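What the coordinates show
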Amino acid sequence: MTSFPLKRYNRHLHSSCSGQFCHPQPASETKEVHGIIRRSSSFNTGRIEHLYKNPQTHSEGNMKLHYGDLTDSMCLMKIISETRPSEVYNLAAQSHVKVSFDLAEYTANVDGVGTLRLLDAIKTCNMTDSVRFYQASTSELYGKVQEIPQRETTVFYPRSPYGVAKLYAYWIVVNFREAYNMFAVNGILFNHESPRRGENFVTRKISRSVAKIHLGQLECFSLGNLDSKRDWGHARDYVEAMWLIMQQDKPDDFVVATGEVHSVKDFVEEAFKHVGKNIVWEGKDQMEIGRCKETGVVHVRVDPKFFRPTEVEFLQGDNSKAQRVLGWKPKVTFEELVKEMVDMDLELMKKNPNA
């Protein structure tokens with residue numbers, strides 16, 4: 001789940017990988033954030049515990065959680081009707097690109113049709129004139145890139161079930177905007193990371209593994225495509241851009257990116273550099289390894305099981321429209337992002353080596 005400062009509306013609904021969030025209509029000066037989470041037999045609110053009024057007892061304050069799912073139209077209509085949001089941020093998705101090849105139908109159901117269900121719930125509740133809707137679009141829409149850098153007018157060419165599902169979501173948002181004069185927008189966010197990133201995503205896998213290696217808890221870890229290049233920014237900066245997109249007078253779609261490109265190798269090297277190790281690369285393709293220059297120990301290997309059936313080799317965003325219209329620029333550098341992630345995982349692994 002994702003949360004961020006609210007400065008304009010009193011009540012909001014958000015949806016994220018664990019659920020959605022709504023912001024109800026202004027009724028008082030108290031700001032409220034309503035979130036939708038999926039029912040689980042174990043606690044699934046670890047990344048938002050600090051937002052509870054009392055984290056020890058999970059007591060809610062201005063953040064209120066509702067059980068629901070993007071695959072359940074009736075629950076979405078019920079929550080929209082009860083909370084009467086003024087802003088809706090749809091951040092919900094099966095968001096792991098590699099997993100989407102194995103769960104293609106589920107990914108389409110949640111990421112694609114789920115967006116339609118949420119928009120339809122707003123329409124059914126006769127709130128198209130009063131709700132502002134944000135859709136978390138993705139740089140994976142560009143896939144096999146048709147121009148460099150990618151901007152709002154670049155032709156889409158998704159290369160995964162995740163990207164294809166998000167493509168449907170993108171266009172259904174545009175359709176609702178044009179058909180019902182709804183304030184519905186797409187934020188085409190390039191890769192955004194932070195210490196809260198899920199453990200099975202490549203950047204967090206790197207920061208966790210480097211921390212464990214530095215503390216003597218691990219010797220080597222495996223990755224997939226080391227040469228894949230991405231435009232990585234900090235989630236904190238990108239959430240600010242999301243909010244700014246929703247505060248405009250007219251709805252529009254924006255690319256949010258740093259414009260700076262780094263490979264997976266670059267991320268690995270920067271993470272190890274922060275703990276005093278220099279990585280040198282040997283071999284090629286599936287036999288490539290990353291060896292510590294100082295000790296000679298192999299810390300990184302390639303495992304083909306992490307390859308995608310169709311790879312996205314290069315993504316670089318053009319944020320000039322966001323800079324011009326929103327006045328937005330990224331503040332956190334690539335080096336600062338990697339340092340923050342490694343530092344947080346060092347602290348985590350010191351407290352709990354099995355984390």
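Residues numbered from 1 in each chain as written. Predicted model: local features only at pLDDT ≥ 70, side-chain atom pairs only at ≥ 80, totals over all residues. Heavy atoms only, no water.

Once that is clear, we can look at helix H3 (residues 104-124). The terminal C-alpha atoms of H3 lie 28 Å apart, and with 21 residues this matches the ideal 30 Å at 1.5 Å per residue to within 8%. The largest bend in H3 comes to about 40 degrees, at Val 113. Three or more residues of H3 are buried, namely Thr 107, Val 110, Asp 111, Gly 112, Gly 114, Thr 115, Arg 117, Leu 118, Leu 119, Ala 121 and Ile 122. A positive phi of about 55 degrees marks Asn 126, the residue just after H3. (Helix = DSSP H or I, 4+ residues; strand = E, 2+ residues; numbered from the N terminus. Expected span 1.5 Å × (residues − 1). Bend = angle between axes of the 7 residues up to and from the residue. Buried < 20%, exposed > 50% of the residue type's maximum accessible area, 1.4 Å probe, protein only.)

This next bit is on the domain arrangement of the protein chain. Assigned domains of the protein chain: these are domain 1 (11-189) and domain 2 (202-226 + 264-312 + 340-351). Taken over C-alpha atoms, the centre of domain 1 sits 32 Å from the centre of domain 2. Contacts between domain 1 and domain 2 engage six residues on the former and eight residues on the latter. For the pair domain 1 and domain 2, the summed buried area comes to about 640 Å², and 57% of that belongs to carbon and sulfur atoms. Our count for the domain 1 to domain 2 interface comes out at one salt bridge. (Domains from an automatic or database assignment. Contact = heavy atoms within 4.5 Å. Buried area = accessible area lost by both parts, 1.4 Å probe. Salt bridge = Lys/Arg side-chain N within 4 Å of Asp/Glu carboxyl O.)

Let us now look at the nonpolar core. For soluble globular proteins, nonpolar side chains are generally found buried alongside one another. Among the nonpolar cores identified, the biggest contains 25 residues, and Ile 206, Leu 223 and Phe 272 are the most heavily contacted of them. Going through the elements one at a time, helix H5 (202-214), strand E9 (221-223), helix H7 (264-274), strand E16 (298-302) and helix H9 (334-351) are the ones with two or more residues in this core. Ranked by residues supplied to this core, first place goes to H9 with seven residues. Not counting residues up to four positions away in its chain, the partners in contact with Phe 272 are Val 210, Ile 213, Phe 221, Lys 277, Ile 279, His 299 and Val 300. Judged by nonpolar contacts, the second largest core, of 22 residues, contains Leu 70, Leu 76, Val 131 and Ile 172. (Core = buried A, V, L, I, M, F, W, Y, C linked by side-chain atoms within 4.5 Å.)

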